[in-house]
Amino acid sequence: MAKRTSSSNRPPPSRPPSSLLPLIGLADRSILTRLVITGCVAATANLISLMSLSAELSGWMRGEVLDTPFLIFCLSLLVSYAFAKRFVSLTLTTAFSALAGVRRRFLRHVTLGGHADILDLQAKRSFDLGNHHLERIAALLPNLSIAANMMLVAAVAYLYLWTLSTVGATLLLVAALLVGGWYVREAQRTRSLLGNAKESELRMLQGFSELVGGNAEVKLGKARRDELTQAVEADVARWEELKRRHGRNLGELFSWIATIIIGFSAVFVFIFPRMGAMSVSELPLVTSVILFLARPLSKFLNAVPDYVAAEDAAAQLTALLGTMPALEYEPSRTARAPRRFSSIELRGVSFAYRAGLRPEPFVIGPIDLSIPAGSVVGIVGSNGSGKSTLLRVIPLLFRPDEGQVLLDGQPVETDRLEAYRDLFCAVFQDHHLFTRLPQGPGFDAELFREMLAYLKIDHLVPDTGNGLLNRDLSKGQRRRVALAVAVAEGRPVVILDEWTSDQDAEFRTRFTNEIIGKLRALGRTVIFVSHDGDVSSVCDVTIRMTNGRMTNDRMTNTETIDGSTDMPAATAASRPDMGSASDPAMACLQETA
Ligand SMILES: Nc1ncnc2c1ncn2[C@@H]1O[C@H](COP(=O)(O)OP(=O)(O)OP(=O)(O)O)[C@@H](O)[C@H]1O
């Protein structure tokens with residue numbers, strides 16, 4: 001049986017120089033190609049307009065009047081305008097295509113990642129965080145795409161400057177690297193303030209959710225209220241301070257930009273001619289190129305803090321993607337759940353959680369169990385004995401570390417996993433009631449309404465005509481609706497985990513006296529966990545779990561639920577008087593709608 005794998009076990013990857021650029025690699029290839037071509041055309045047009053400008057200037061300096069450069073200048077300016085516009089919009093399209101790629105990855109991991117890993121990961125929080133980082137990058141993109149265009153213009157102007165004054169261009173490069181390095185470091189330092197503010201913000205949000213989630217307890221207990229309130233207040237103050245320092249640093253950085261650019265021009269005009277690094281005749285040309293460079297350079301420098309912020313968000317996003325659960329299988333378009341089966345069998349199955357905060361991980365098994373189609377299997381045992389865990393192992397939501405699960409005698413390997421799981425529907429303890437009813441043909445709307453009436457909840461769940469479900473219900477009522485949905489989905493095996501735990505006395509009694517019989521009559525195999533007294537009278541197989549082990553195979557009507565019989569793990573057998581799905585009558589019963 002496949003071992004649980006999780007990318008969280010892998011060693012952390014070494015941090016690449018940029019996290020943003022590899023993300024861009026997720027963008028649609030054709031958009032990327034168009035972006036590169038558009039960028040090249042815009043850059044060439046920019047270069048031509050700059051060269052024609054310089055040619056005209058040189059002409060004037062020589063006392064000549066040249067007509068052609070102006071025409072070329074106008075044309076190239078027009079082309080560069082059109083392509084720069086396109087370049088900016090394509091940069092945005094590329095970036096959003098990449099972000100959509102990340103979202104699709106998240107979707108694949110949440111639907112195809114291992115269930116146990118998703119629970120470990122507290123996936124909802126991870127996906128919320130992922131979306132938060134995506135939104136941060138998306139908000140910075142317009143500024144960054146304009147800066148990318150400006151970088152293109154600056155690169156072209158710089159190349160041209162190189163042809164005019166190699167020494168000047170080299171010195172400019174050295175100065176730009178030094179000042180740029182300092183500037184990026186400062187921007188990163190400013191940025192780290194934001195990172196720390198984010199940490200405070202997340203803690204603060206956690207505090208708020210504790211205050212809301214435990215509102216009743218907090219209102220009743222002053223000590224706990226004070227403790228939580230003080231913690232949130234401390235984080236609010238820290239967040240405020242860090243944001244203030246970030247704003248101040250950002251102001252300082254921006255004021256440096258203007259100074260740096262003017263400083264560059266001054267070096268060319270005041271210093272280079274004196275050093276003999278440039279002739280006076282070259283000065284007007286070089287100065288004109290520097291002035292041409294000034295705007296894109298200032299735009300670019302302005303965007304550096306945004307770039308650093310986007311890099312940070314991309315790094316966190318990449319780290320998050322690295323912790324996503326490994327995909328269990330590739331979904332099949334053709335695989336269909338078997339419409340009938342004879343038996344499900346667990347052979348020597350064991351499963352271990354990760355230890356987490358426990359000194360030792362909790363293990364269930366080894367378990368040998370046979371579940372004939374159409375049978376009713378009851379699982380009993382004390383709190384924490386592994387009943388709910390077993391309920392998730394049987395449908396292979398938790399994949400065993402050892403042993404095998406067999407369907408009709410055949411081991412369920414990864415290629416049949418999707419179809420096998422489709423045999424089951426479940427109302428777990430922490431079940432989720434979806435906002436909409438299933439819309440596919442497999443859902444029997446008539447049976448759904450019939451079940452609602454049978455469970456005396458139909459008056460609260462009106463047929464809205466658009467599949468929307470009223471979920472403003474009590475816990476017990478929600479469980480009844482969840483059971484009606486599960487039954488109407490028509491899957492052959494129904495799993496119920498302490499379904500009666502929130503039910504009133506009437507429904508607790510009806511569960512064992514009637515509801516299980518009704519499910520059996522509908523041809524369903526029922527596997528349920530219960531704490532409700534002796535359930536063996538309605539079960540073909542009753543399993544007792546004790547500290548992760550199956551301790552006896554069948555309870556008699558005289559045994560009590562909390563009896564301490566501690567027999568070795570055994571193979572549970574179906575009741576001999578009970579028909580098995582291997583006989584034709586039973587198999588017919590198993591056929592699902
Ligand atoms: N996500 C998890 N990670 C690690 N250990 C877990 C996890 N969930 C449950 N456990 C551990 O597994 C053991 C069995 O839990 P399980 O929910 O299967 O018990 P149970 O028999 O259904 O209990 P109850 O009757 O209280 O519902 C518990 O001791 C618990 O500490």
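Residues numbered from 1 in each chain as written. Predicted model: local features only at pLDDT ≥ 70, side-chain atom pairs only at ≥ 80, totals over all residues.

Peer 1: Help me understand the overall build of the chain, please; the structure alone is not making it clear to me.
Peer 2: When you go through the chain residue by residue, the secondary structure sums to 15 helices and 10 strands. Looking at the 593 residues of the chain, the share that counts as buried comes to 33%. Summarising the internal contacts of the chain: among those between residues at least 6 apart in sequence, 78% fall at separations of at least 24. (Helix = DSSP H or I, 4+ residues; strand = E, 2+ residues; numbered from the N terminus. Buried ≥ 20, exposed ≤ 12 C-beta atoms within 10 Å, placed from the backbone. Contact = placed C-beta atoms within 7 Å.)

Peer 1: I keep staring at the site of the ligand and nothing clicks. Help me out?
Peer 2: If you check the shell around the ligand, you find 13 residues, and the closest are Tyr-353, Asn-383, Gly-384, Ser-388 and Thr-389. If one sorts the elements of the shell around the ligand by residue count, helix H10 (residues 387–393) sits on top with three residues. (Near = placed C-beta within 6 Å.)

Peer 1: Is there a simple way to explain the UniProt feature "transmembrane region" (unreviewed entry) in the chain in this structure?
Peer 2: Per the UniProt annotation, the sites labelled "transmembrane region" (unreviewed entry) are residues 31–50, 70–99, 140–161, 167–184 and 253–271. With 100% helix and 0% strand, residues 31–50 has its two end C-alpha atoms placed 28 Å apart. For the annotated span residues 140–161, helix accounts for 100% and strand for 0% of the residues, and the straight-line distance between the end C-alpha atoms is 31 Å. (UniProt positions renumbered as here; feature names shortened; annotations may be inferred.)

Peer 1: When you look at the sheet that holds strand E5 (residues 410–411) in this model, what are you seeing that I'm missing?
Peer 2: One key point about sheets: their strands pair by backbone hydrogen bonds, in either a parallel or an antiparallel sense. Taken together, the four strands give an open sheet; going across it, the order is E2-E1-E4-E5, and neighbouring strands pair in antiparallel fashion. With partners counted over all chains shown, the strands left at the sheet margins are strand E2 (363–372) and E5, one partner each. Note: strand E4 (residues 402–407) against E5, two bridges, orientation antiparallel. Its bridge partner being in E5, Leu-407 is matched across the sheet by Gln-410. (Pairing = 2+ DSSP bridges.)

Peer 1: Hey, could you run me through the confidence of the model for the chain in this one?
Peer 2: Predicted coordinates in regions of low pLDDT should not be interpreted in detail. Confidence in the prediction for the chain averages 81 pLDDT; 87% of positions are at 70 or higher. In the model, residues 1–8 has pLDDT below 50 throughout and makes 25 contacts with residues more than four positions away in sequence or in other chains. Taken as a whole, residues 555–593 scores under 50 in pLDDT and shows 83 contacts with residues more than four places along the chain or in a different chain. In the predicted complex, the global pTM is 0.71; the interface-specific ipTM is 0.98. (pLDDT = per-residue confidence, 0-100.)

Peer 1: Can you help me understand the domain arrangement of the chain in this one?
Peer 2: A common way to state how big an interface is: give the accessible area lost once the parts meet. Looking at the assigned domains, one finds that the chain contains domain 1 (19–164 + 310–328), domain 2 (166–277) and domain 3 (343–423 + 491–590). At the interface, five residues of domain 1 touch seven residues of domain 3. When grouped by side-chain class, the residues that make up the side of domain 1 that touches domain 3 number one nonpolar, two polar and two charged. (Domains from an automatic or database assignment. Nonpolar A, V, L, I, M, F, W, Y, C, P; charged D, E, K, R; others polar.)

Peer 1: What is the right way to read the packing of helix H2 (residues 29–62) against helix H9 (residues 283–322) from this model?
Peer 2: The relative placement of two packed helices comes down to the angle between their axes together with the axis-to-axis distance. Close contact between H2 and H9 brings their axes to 10 Å; oriented N to C, the two are set at 150 degrees. Regarding the angle of H2 to H9, the classification is roughly antiparallel. Helix-helix and strand crossings are classified by hand; for H2 and H9 the assignment is right-handed. Judged by residue contacts, Leu-50, Leu-53, Ser-54, Leu-57, Ser-58 and Met-61 of H2 engage Pro-284, Leu-285, Ser-288 and Phe-292 from H9. Residues belonging to the contact of H2 with H9 are distributed by class as follows: seven nonpolar, three polar and no charged. (Axes fitted to C-alpha atoms, helices over the stretch in contact; angles between N-to-C directions. Parallel < 35°, antiparallel > 145°, perpendicular 65-115°, else oblique. Left-handed = near helix turned anticlockwise from the far one by under 90°.)

Peer 1: Would you mind showing me how to read the nonpolar core here?
Peer 2: Soluble globular proteins tend to bury their nonpolar side chains together. The biggest cluster of nonpolar side chains holds 63 residues, and the ones touching the most others in it are Ala-484, Val-494 and Ile-527. If you tally residues by element for this core, the top one is helix H13 (residues 475–488), at eight residues. In this structure Ile-527 touches Ile-371, Val-377, Leu-391, Ile-394, Val-493 and Ile-495, once residues within four positions along its chain are discounted. With 59 residues, the next largest nonpolar core counts Ala-84, Leu-194, Leu-293 and Tyr-307 among its residues. (Core = buried A, V, L, I, M, F, W, Y, C linked by C-beta atoms within 7 Å.)

Peer 1: How do you make sense of the packing of H2 against helix H3 (residues 68–112) when you look at a structure like this?
Peer 2: Interaxial distance between H2 and H3 falls to 7 Å at its minimum, and their mutual angle equals 155 degrees. Classified by the interaxial angle, the pair formed by H2 and H3 is roughly antiparallel. Helix-helix and strand crossings are classified by hand; for H2 and H3 the assignment is left-handed. The class makeup of the residues in the contact of H2 with H3 is 19 nonpolar, 11 polar and three charged.

Peer 1: Before we go on, may I ask you to explain helix H6 (residues 166–213) in this structure?
Peer 2: For the α-helix, the turn length of 3.6 residues means that residues three or four positions removed from each other point alike. The end-to-end C-alpha distance of H6, which contains 48 residues, comes to 67 Å, matching closely the 70 Å that a straight helix rising 1.5 Å per residue would cover. Three or more residues of H6 are buried, namely Gly-168, Leu-172, Ala-187, Thr-190, Arg-191, Leu-194 and Ala-197. (Expected span 1.5 Å × (residues − 1).)

Peer 1: Sorry if this is basic, but what is going on with the environment of Thr-551 here?
Peer 2: Along the chain, the position of Thr-551 falls in strand E10 (residues 549–552). On a C-alpha basis, the gap between Thr-551 and Val-36 in space is 67 Å, while along the polypeptide they are 515 residues apart.

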